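# Working through the structure, step by step
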Amino acid sequence: MISLFLAALLAPQATLQEDPVEPYVQRDANAGAKPFAGHAMLDAFHGRAGIDRVVDDLVARNVADPRISDIFKAQDLVRLRRTLKEQFCYILGGGCAYTGRDMASSHKDLGLQVADFNALVDNLQKAMNAEKVSYWAQNRLLAKLAPMKRTTVVR
Ligand code: HEM
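I will try to describe carefully the structure that is included in this document. (Residues numbered from 1 in each chain as written. Predicted model: local features only at pLDDT ≥ 70, side-chain atom pairs only at ≥ 80, totals over all residues. Heavy atoms only, no water.)

### What about the overall build of the protein?
For the record, the criterion: Runs of E in the DSSP output that reach at least two residues are strands. Runs of H or I that reach at least four are helices, and both are numbered from the N terminus. Residue burial is assigned from relative accessible area. The probe radius is 1.4 Å, only protein chains are included, and a residue is buried under 20% of its type maximum, exposed over 50%, and partly exposed in between. Should any heavy atoms of two residues lie within 4.5 Å, those residues are counted as being in contact. All accessible areas in this document rest on Shrake-Rupley with a 1.4 Å probe, and a residue is counted as covered only by the protein chains that are shown. The positive count covers Lys and Arg only, the negative count covers Asp and Glu only, and His and the chain ends enter neither. By convention, charge coordinates are those of NZ in Lys, CZ in Arg, CG in Asp, or CD in Glu.
Scanning the protein for helices and strands turns up 9 helices and 0 strands. For the protein, the α and β elements follow one another from N to C terminus as α-α-α-α-α-α-α-α-α. Projected onto its principal axes, the C-alpha positions of the protein cover 60 × 35 × 35 Å. The 155 residues of the protein split such that 36% are buried. Taking contacts inside the protein between residues at least 6 apart in sequence as the whole, the part at least 24 apart equals 79%. Summed over its atoms, the accessible surface of the protein is roughly 9,300 Å², and 59% of this surface lies on carbon and sulfur atoms. Charge centroids of the protein, computed over 20 positive and 17 negative side chains, lie 5 Å from each other.

### Notes on the state of the cysteines
Heads up, the condition is: By disulfide we mean two sulfur atoms from cysteines, separated by a distance within 2.5 Å.
A full pass over the atoms with the stated rule returns 1 disulfide. Note that Cys-89 is cross-linked by a disulfide to Cys-96, the S-S spacing being 1.9 Å. One disulfide, between Cys-89 and Cys-96, carries an S-S torsion of 75° and so falls in the right-handed class. Note on Cys-96: relative accessible area 14%, which makes it buried.

### Digging into the site of the ligand
Threshold: Throughout this document, a residue counts as near a molecule or strand when at least one of its heavy atoms sits within 4 Å of that molecule or strand. Counting of polar contacts relies on pairs of N or O atoms within 3.5 Å, with two restrictions inside protein: one atom must be capable of donating a hydrogen and the other of accepting it, and residues adjacent in sequence are counted only when both atoms are side-chain atoms.
Of all residues adjacent to the ligand, which total 22 residues, the nearest are Gln-75, Arg-79, Thr-83, Arg-101 and His-107. Here an oxygen atom of the ligand sits 2.7 Å away from a polar atom, N or O, in the main chain of Arg-101. The separation between a nitrogen atom of the ligand and a polar side-chain atom of His-107 is 2.8 Å. Of all the secondary structure elements, the ones that give two or more residues to the shell around the ligand are α4 (69–72), α5 (77–91), α6 (103–107) and α7 (114–130). Tallying contributions element by element places α5 first for the shell around the ligand, with 5 residues.

### A word on the coordination of the iron atom of the ligand
Which entries qualify depends on this criterion: Metal sites are built from N, O and S donor atoms within 2.8 Å, or 3.2 Å for Na, K and Ca, and they leave out water, so they may look incomplete.
Donor atoms from the protein around the iron atom of the ligand number only one, His-107 (NE2), found at 2.0 Å. Among the structural elements, His-107 can be located in helix α6.

### Looking at the pattern of salt bridges
For clarity, the threshold we go by: Any carboxyl oxygen of Asp or Glu within 4 Å of a side-chain nitrogen of Lys or Arg constitutes a salt bridge here.
Counting across every chain of the model gives 11 salt bridges. The salt bridge involving Glu-18 is made with Arg-82; its shortest N-O contact spans 2.6 Å. Placement of Glu-18 in the loop between α1 (2–10) and α2 (40–44) and of Arg-82 in helix α5 is noted, with a sequence separation of 64 residues between them. In this structure, Asp-57 and Arg-61 form a salt bridge, with 3.2 Å as the shortest nitrogen-oxygen distance. With Asp-57 and Arg-61 both in helix α3 (residues 47–64) and 4 residues apart, the pair spans about one turn of that helix.

### What about the packing of α7 against helix α8 (residues 135–145)?
As a reminder of what qualifies: Axis definition: a line fitted to C-alpha atoms, over the contacting stretch in the case of helices. Angles run 0 to 180 degrees between N-to-C directions. Should an angle lie under 35 degrees it is considered roughly parallel, over 145 roughly antiparallel, and from 65 to 115 roughly perpendicular; all remaining angles are considered oblique. Handedness of a helix crossing follows the sense of rotation of the near helix relative to the far helix, less than a right angle counterclockwise being left-handed and clockwise being right-handed. Following the grouping adopted for this structure description, the nonpolar residues are Ala, Val, Leu, Ile, Met, Phe, Trp, Tyr, Cys and Pro, the charged ones are Asp, Glu, Lys and Arg, and the polar ones are all others, Gly among them.
Closest axis-to-axis distance for the α7/α8 pair is 11 Å, and the angle between their directions is 155°. On the basis of their axis angle, the class for α7 and α8 is roughly antiparallel. The two elements α7 and α8 cross, and the hand of that crossing is right-handed. From α7, Phe-117, Val-121, Leu-124, Gln-125, Met-128 and Asn-129 reach across to α8, where they touch Tyr-135, Gln-138, Leu-141, Leu-142 and Leu-145. Taken together, the residues of the contact of α7 with α8 break down into 8 nonpolar, 3 polar and no charged.

By themselves, these observations are geometric and do not establish any function.
Here it is in structure tokens:
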């Protein structure tokens, strides 16, 4: 009886689990960019908590954005939020390890176009504005991410 009660209590957590993915080698290089040196970028994003807020806001904006929302339907958003937080934290010099897949493998089946990339960048700028990240730091991060257009977009 007690175990049934416990199972009922724990059941909602099942929705927080991630879907399994094909095996791959985990390494920071999969993040697709080298981290910034020093603390300035981490400070500009208000530390790990600020990065987490920016990523949560970015994912929420993408899911609600009619330009690109279809691309995010039926995707594992729990995993996406976790790996994006790790990736941003790693790149911004927050000392995180990136455990996700490389950019080419993660996006190869999505058929992304330049317009999709631009919409995501637009949403990232809105998320950074909401976090009051300085334009200096926003532009430095965007410059790091810009070359990923080549690895994520197919045409
Ligand atoms: C700077 C550009 C981008 C970065 C840094 C980035 C980052 C990431 C990361 C870290 C993952 C998770 C990898 C993993 O699961 O191991 C991912 C997956 C994904 N990304 Fe991106 N991404 C970018 C561009 C885009 C664009 C333009 C779109 C669509 C508009 C997009 C949609 C998705 C979707 C739907 C997934 C989940 C794919 C799956 O689970 O199979 N991404 N991205």
